[in-house]
Amino acid sequence: FNLTRGAERFKLQAKASSPLLDFTALKRAETPKDSTKPAASAARLIPDVDLPLDLLRKIDADLDLRIAAVKLGEEALVGPLLVRATIADGRLTAEPVELANGPVQVLHAAIGADAAQSAWTFRLTGSGIDLGEMLTRFGQPKLVTGGSTDLELDVQGRGNTLPAVLGSLNGKVR
């Protein structure tokens, strides 16, 4: 990687590859069975998380990430994951972002963020995606049935927090 100081902000250039990205290491510690308590009535499904838009104003970047396999559960592997992203003048563009689930099922995504406008765009496409098989591998059998499907999502939203962006989404889903 290379980090340089520009006239207005730092610029990071990085190319990284890895055989495995293991998200199971990030799991929260499990609560013992006898100490479970009911969820509070005000518990949120979507956490109130601030999105790092300020970071987009502080650094420029040119990133290329290639990961052979992504581990999301004990037995669930997907991959490869390919990410090409740039940050320039407070704008993030991540395109292409590709995640494969076997040789034929590939999700293609593009993500954009504009710090000055607190604006987000998200495009996701895939063909021949077997959501039932994928969710079964992640421990959610029978959540989706019916074989493979094509997917197209193109949405925009605004906000500095995850709930604000999700609450403002507008666009098309097919």
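See the structure shown above.
Bear in mind that the values here come from a model prediction, so they are computed numbers and not experimental data.

Asks: Break down the pattern of salt bridges for me, citing the residues and quoting the values.
Replies: Tallied over the full model, the rule gives 10 salt bridges. The residue Arg 174 makes a salt bridge to Glu 152 at a minimum N-O spacing of 3.3 Å. With Arg 174 in the segment after strand 12 (170–173) and Glu 152 in strand 11 (residues 149–158), this pair connects stretches of sequence that are 22 residues apart. Judged by its relative accessible area of 59%, Arg 174 is exposed. Salt bridges here are not isolated pairs; linked through shared partners, they connect Glu 8, Arg 9, Asp 60 and Asp 89.

Asks: Lay out the pairing of strand 4 (residues 59–67) with the relevant residues and their values.
Replies: With 9 bridges joining them, strand 2 (residues 10–18) and strand 4 adopt parallel strand pairing. Residue pairing in the sheet places Lys 15 in a bridge with Asp 64 of strand 4. Direction of pairing for strand 4 relative to strand 7 (residues 81–88): antiparallel, over a ladder of 7 bridges. The partner of Arg 66 across the bridge, within strand 7, is Leu 82.

Asks: How would you explain a nonpolar patch on the surface if you had to name every residue and give the values?
Replies: On the surface, Leu 45, Ile 46, Leu 166 and Leu 169 cluster together to form a nonpolar patch covering roughly 390 Å² of accessible area. A relative accessible area of 34% means that Ile 46 is categorised as partly exposed.

Asks: Could you give me a rundown of the environment of Pro 47, with the residues and numbers involved?
Replies: Along the chain, Pro 47 falls in the loop between strand 3 (21–22) and helix 1 (53–58). Distance in space between the C-alpha atoms of Pro 47 and Leu 162 is 7.3 Å, their sequence separation being 115 residues. In this view, Pro 47 contacts Leu 162 and Pro 163; residues no more than four positions away in its chain are not counted.

Asks: Account for the sheet that holds strand 3, naming residues and giving values.
Replies: What the 3 strands build is an open sheet, ordered 3-5-6; its pairing is mixed. Since the sheet does not close on itself, it has two edges, and those belong to strand 3 and strand 6 (77–78), each with one partner. Both strand 3 and strand 5 (residues 70–71) contribute to a ladder of 2 bridges, which runs parallel. Paired with Asp 22 across the strands is Lys 71, a residue of strand 5.

Asks: Residue-level account of the packing of aromatic side chains, with values.
Replies: Tallying each qualifying case throughout the model produces 0 aromatic pairs. Sitting over the ring of Phe 10, Arg 5 keeps its end group 4.9 Å from the ring centre.

Rules used in this analysis
- Residues numbered from 1 in each chain as written.
- Predicted model: local features only at pLDDT ≥ 70, side-chain atom pairs only at ≥ 80, totals over all residues.
- Heavy atoms only, no water.
- Salt bridge = Lys/Arg side-chain N within 4 Å of Asp/Glu carboxyl O.
- Helix = DSSP H or I, 4+ residues; strand = E, 2+ residues; numbered from the N terminus.
- Buried < 20%, exposed > 50% of the residue type's maximum accessible area, 1.4 Å probe, protein only.
- Pairing = 2+ DSSP bridges.
- Patch = residues over 30% accessible without salt bridge, like charges linked within 9 Å, V, L, I, M, F, W, Y side chains within 5 Å.
- Areas by Shrake-Rupley, 256 points an atom, 1.4 Å probe, with all protein chains shown as cover.
- Contact = heavy atoms within 4.5 Å.
- Phe/Tyr/Trp six-rings, centres within 6.5 Å; stacked < 30°, edge-to-face > 60°.
- Lys NZ or Arg CZ within 6 Å of the ring centre and 35° of its normal.

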